[in-house]
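Residue-level listing of the chains:
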Amino acid sequence: MATFSLQAKPDDAAEWLDLARRAEAAGFHTLYTPDHPGSCTSPFVALAAAAAVTSTIRLGSYVVNAGVREPILIAADVATLDVVSGGRAVLGIGAGHTPAEWTAVGRERPGVRERVDHCIAVAEATMRLLAGDGMASPRPVQERVPLLFGGGNTRLLRWAAGQADLIGLSGLGRTLDDGHMHTARFHPEQVDRQVELAGGKPVEVLAHYVEVTGDGAATYAKWAVDAEVSEAEMAVTPYALAGTVSEIRAKLAENERRWGITRYTVRRPAFEVAAALMAA
């Protein structure tokens, strides 16, 4: 059976706390928050607030921008979250693709190779600190805080296959000229390759498109135009789920059969659909 996590960020205190409670009650595995300094909320502040009104749902970054954050500060935030949540923290980390975020800390965004090298160095240093190598306090409750790598770079996926506990695939390719949007990697063969690179580690897919509808084919066709991919790709890719509840369940089963994918992250607009799928 598929499990779902929720990626969201707070806009209002009461609404955010209510969302955290509802996500836990609905059965979401993890509440994730994004990390885009300068254009969204601070992930660990938001997650610590959610920890105060929940008791079982896991809480994580999806994903910390390794390009603009220091390992000791990431480790302190994650360890503190683990303490205040009673051992529910997840560290999600990625290489950082948005040029504006590098500029904000006085650096020019480096090329792909340098970003990959930097991401690996930051992730490994942070995990060493969380394990007690160089950081005496705070100490996490968990013996090992789970490490989620989010991204699609080939070398990073190979690294994550050996070092991460979970690999988040978003179906996003090259960063476009605006520095924020991406090309789509929705083709089934691209999914084949990334799952292969994951080396058997659990894979969690970010479902960008989710809708319960009586006309799944038309919905996939509409989304295909938006993502600039073929209708056939959109209908098969695990990054999009459309149709009746039973049709979506059938696609989830096919995704598990073909790729071994049983974990999904959805954003706030898909909350009710994911809750319905988990309730079955």
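Residues numbered from 1 in each chain as written. Predicted model: local features only at pLDDT ≥ 70, side-chain atom pairs only at ≥ 80, totals over all residues. Heavy atoms only, no water.

Named according to an unreviewed UniProt entry, the chain is LLM class F420-dependent oxidoreductase originating from Actinoplanes ianthinogenes.

For the rest of this paragraph, the subject is the packing of helix α6 (residues 154-163) against helix α7 (residues 188-197). Between α6 and α7, whose axes approach to 8 Å, the crossing angle comes to 40°. The angle between α6 and α7 places the two elements in the oblique class. Of α7, the residues touching α6 (which contributes T154, L157, R158 and A161) are R193, Q194 and L197. (Axes fitted to C-alpha atoms, helices over the stretch in contact; angles between N-to-C directions. Helix = DSSP H or I, 4+ residues; strand = E, 2+ residues; numbered from the N terminus. Parallel < 35°, antiparallel > 145°, perpendicular 65-115°, else oblique. Contact = heavy atoms within 4.5 Å.)

A separate point is the side chain of T33. Structurally, the position occupied by T33 is in strand β2 (residues 30-33). The exposure class assigned to T33 is buried, which follows from its relative accessible area of 0%. Here the side chain of T33 touches P43 through a polar contact of 3.5 Å, landing on its backbone oxygen. (Buried < 20%, exposed > 50% of the residue type's maximum accessible area, 1.4 Å probe, protein only. Polar contact = N/O pair within 3.5 Å; in protein donor to acceptor, adjacent residues only side chain to side chain.)

So, about the side chain of Q142. Along the chain, the position of Q142 falls in the loop between α5 (112-130) and β6 (147-150). Among the residues examined, Q142 registers a relative accessible area of 16% and is labelled buried. Leave out the neighbours within four places in its chain, and Q142 touches R58, D82, G87, R88 and A89.

The subject of this paragraph is the packing of aromatic side chains. The tally for this structure, following the rule as stated, stands at 8 aromatic pairs. Ring centres of F186 and Y239 lie 5.2 Å apart, and the angle between their planes is 25°; this geometry places the pair in the stacked category. A residue pair is termed long-range when its members are at least 10 positions apart, and F186 in the loop between β9 (182-184) and α7 and Y239 in the loop between α9 (231-236) and β12 (240-243) qualify at 53 residues. Under the relative-accessibility criterion, F186 is labelled buried at 3%. Taking the relative accessible area as the measure of exposure, Y239 reaches 0% and is therefore buried. Both rings, one in Y209 and one in W223, keep their centres 5.2 Å apart while their planes meet at 35°; by these two values the pair is tilted. Separated by 14 residues along the polypeptide, Y209 in strand β11 (residues 209-212) and W223 in helix α8 (residues 216-227) bring together distant segments of the chain. For Y209, a relative accessible area of 16% gives the class buried. Aromatic ring contacts, followed pair by pair, group F186, Y209, Y220, W223 and Y239 into a single cluster. (Phe/Tyr/Trp six-rings, centres within 6.5 Å; stacked < 30°, edge-to-face > 60°.)

With that settled, the discussion passes to the environment of E143. Its location among the elements puts E143 in the loop between α5 and β6. Classification of E143 as exposed rests on a relative accessible area of 82%. For the pair E143 and A184, spaced 41 residues apart in sequence, the C-alpha to C-alpha distance is 37 Å.

With that settled, the discussion passes to the packing of helix α3 (residues 71-85) against α5. Contact pair α3 / α5: the axes reach a minimum separation of 9 Å and the direction vectors enclose 50°. In terms of orientation, α3 and α5 fall into the oblique class. For the crossing formed where α3 meets α5, the hand is right-handed. Contacts between α3 and α5 involve P71, I72, I74, A75, V78 and A79 on the former and, on the latter, V122, A125, T126, L129 and L130. (Left-handed = near helix turned anticlockwise from the far one by under 90°.)

Counting 80 residues, the largest nonpolar core has F4, L6, F28, L91, L130, M234 and V266 as its most contacted members. Not counting chain neighbours up to four residues away, the residues in contact with L130 comprise A75, V78, A79, L91, M135, R139, P140 and V145. Membership of the second largest hydrophobic core comes to 7 residues, among which are V63, V90, L148 and L206. (Core = buried A, V, L, I, M, F, W, Y, C linked by side-chain atoms within 4.5 Å.)

As a further point, take the environment of T126. With respect to the helices and strands, T126 occurs in helix α5. T126 sits 60 residues away from A66 along the chain, and the two C-alpha atoms are 10.0 Å apart. Beyond its immediate chain neighbours, meaning those up to four positions away, T126 contacts P71, I74, A75 and L91. Polar side-chain contacts of T126 include one of 2.7 Å to the backbone oxygen of V122.

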